[in-house]
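Overview (structure and organization)
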Amino acid sequence: MCDTDPLGRAERMRNHVSRTHADQWGGIDGLGRELPTRAETGPRREGRYVGLFYFLWLGQHGTSGPFDNSEILAKYPEAVWDPAHPAWGPENAFHFWGEPLYGYYLNDDAWVLRRHVQLLTSAGVDFIVFDTTNAVTYKKVYDVLFRVLDEVWGQGFTVPQFAFYTNTDSGTTIAELYEDIYKPGRYKHLWFHWKGNPLIIGDPAECTEEQQAFFTFRLNQWPNEEAKVNGFPWIEFQRPQRVFFNDEGEKEVINVSVAQHPSVAMSDTPFYGYGDNWGRGYHEGMEEPEADLYESIHRGMNIAEQWEFAIDEDPQIIFVTGWNEWIAMRLQGTTDRPVLFVDQATLAFSRDIEPMKGRVSRPLLYAVDR
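This write-up is about the structure you can find in this document. Computed from a prediction, not measured in an experiment: that's the story for all the values here.

Taken as a whole and assessed by the stated rule, the structure comprises 40 aromatic pairs. Between the aromatic rings of Phe53 and Trp234, the centroid separation amounts to 6.3 Å while the plane-to-plane angle is 45°, which identifies the pairing as tilted. Taken together, the residues Phe53 in strand E1 (residues 49-54) and Trp234 in the loop between strand E9 (231-233) and strand E10 (243-245) connect sequence positions 181 residues apart. The residues Phe53 and Trp234 share a single accessibility class, namely buried. Centre to centre, the rings of Tyr178 and Phe214 are 5.3 Å apart; their planes meet at 70°, and the pair counts as edge-to-face. Of this pair, Tyr178 sits in helix H6 (residues 170-182) while Phe214 is found in helix H7 (residues 209-214), placing the two residues 36 residues apart along the sequence. Sitting above the plane of the Trp97 ring, Arg280 keeps its charged end 5.3 Å from the centroid. Lying across the ring of Tyr274, Arg337 places its NZ or CZ 3.7 Å from the centre.

Okay, structure coming up:
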């Protein structure tokens, strides 16, 4: 008999595949820390989710370099005082803070994206949120990632679903995503739904009535803004971090992040010893002394402290910043701090939990000696 609907048949077959969940596995990290067992945690709880900020931009704004801050500091520590030093490359170039485990990859590399999906699936991440806050959607990248997610899902794994975070020109960005993905129903099984509809972070006032009815909106929440009802924070500059409530009065979302930059420029602290930024070793109200900093950043003391608080608060969503940000644009600083990176600078002052290559030695954590 001829199958007149092969695509529909494939979809029905995939829907009947038994899902494999990550909580069926154990694990131990390089520091000897073991994953808790079901006996310690209790059964899975409905209505509790972990989301992860995921970035699509590596190699999408030019491929010069790669420029690696850790390598530059190791070879030319004096370069932090000279923005014209040739090691930096051109102004406004994007710099890695270190080398990813898979090398200086481009985000449309399906081989790398498949390993991301495998790792995040194994970690039990429920959904990933793409950073489209600067009005660039990175369709070239998300099309490849969607195919990879779909393939791994078709193999029976419970892969992370997805949503988007918008900010600049929020309505225009949402309209572009709506027309390309949501309105034609592409990869519907991978959409992360919240309160009955696909989740989008942005400004509903900038959207059409059709889009307002289609999505569940949560508001872009910046760390220096007053807390919004239905706010969705991507990072926090308060300690302990704030819990954000929805319009039903529920504890909905809290952020935990690897490092924070309340002083705005992440590079001010490791390059110049300036500001109140919180690196990976920050905990109990202070940065670890330099003698102990090397170990504390590898233990993730900063994010571990936030996790403990977030779990005690028990919101519906814990949102983690982040996975694969890796790069920041080099900008012109001030006379006393001439080299400026806002979002990523060094290992200690970066926000990634994607595995990196090797271990950075002690002298590369700071470069403040003149």
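Moving on, we get to the pattern of salt bridges. Counting across every chain of the model gives 21 salt bridges. Here Asp143 ties to Arg186 by a salt bridge, and the two come within 2.9 Å at their closest N and O atoms. Here Asp143, found in helix H5 (residues 139-154), pairs with Arg186, found in the loop between H6 and strand E6 (193-194); they are 43 residues apart in sequence, far enough to count as distant. Notably, a salt bridge pairs Arg337 with Asp268, separated by 3.3 Å at the nearest N-O pair.

A few words on the environment of Leu35. Take Leu35: it is sitting in the loop between helix H1 (6-15) and helix H2 (38-41). Linking Leu35 and Trp25, residues 10 residues apart in sequence, is a C-alpha distance of 8.9 Å.

Right, let's talk about the pairing of strand E5 (residues 161-166) for a bit. Taken across its 6 residues, E5 has 5 buried, putting it largely inside the fold. The pairing of strand E4 (residues 127-132) with E5 spans 6 bridges and is classified as parallel. Of the residues in E5, the one forming a bridge with Thr132 is Thr166. Crossover handedness for the path E4 to H5 to E5: right-handed. The pairing of E5 with strand E7 (residues 197-201) spans 2 bridges and is classified as parallel. What sits directly across from Phe164, in E7, is Ile200.

In this section: the nonpolar core. Formed by 75 residues in total, the largest nonpolar core has its most connected members in Phe162 and Phe164. No other element matches H5, which puts 9 residues into this core. Ala79, Val80, Val339 and Phe341 belong to the second largest nonpolar core, which has 11 residues in total.

Here we come to the pairing of strand E12 (residues 317-321). A large share of E12 lies buried, amounting to 5 of its 5 residues. Every second residue of E12 is oriented toward a common face, with Ile317, Phe319 and Thr321 on one face and Ile318 and Val320 on the other, all of them buried. Relative to E12, E1 is paired through 4 bridges, and the arrangement is parallel. Paired with Leu52 across the two strands is Val320, which belongs to E12. Of the pairings in the sheet, the one linking strand E11 (residues 251-257) to E12 comprises 5 bridges and is parallel in character. Each bridged residue has a counterpart across the sheet, and for Asn255 the counterpart in E12 is Phe319.

Thresholds, definitions, all that
- Residues numbered from 1 in each chain as written.
- Predicted model: local features only at pLDDT ≥ 70, side-chain atom pairs only at ≥ 80, totals over all residues.
- Heavy atoms only, no water.
- Phe/Tyr/Trp six-rings, centres within 6.5 Å; stacked < 30°, edge-to-face > 60°.
- Helix = DSSP H or I, 4+ residues; strand = E, 2+ residues; numbered from the N terminus.
- Buried < 20%, exposed > 50% of the residue type's maximum accessible area, 1.4 Å probe, protein only.
- Lys NZ or Arg CZ within 6 Å of the ring centre and 35° of its normal.
- Salt bridge = Lys/Arg side-chain N within 4 Å of Asp/Glu carboxyl O.
- Pairing = 2+ DSSP bridges.
- Right-handed = clockwise from strand over helix to strand, strands pointing away.
- Core = buried A, V, L, I, M, F, W, Y, C linked by side-chain atoms within 4.5 Å.

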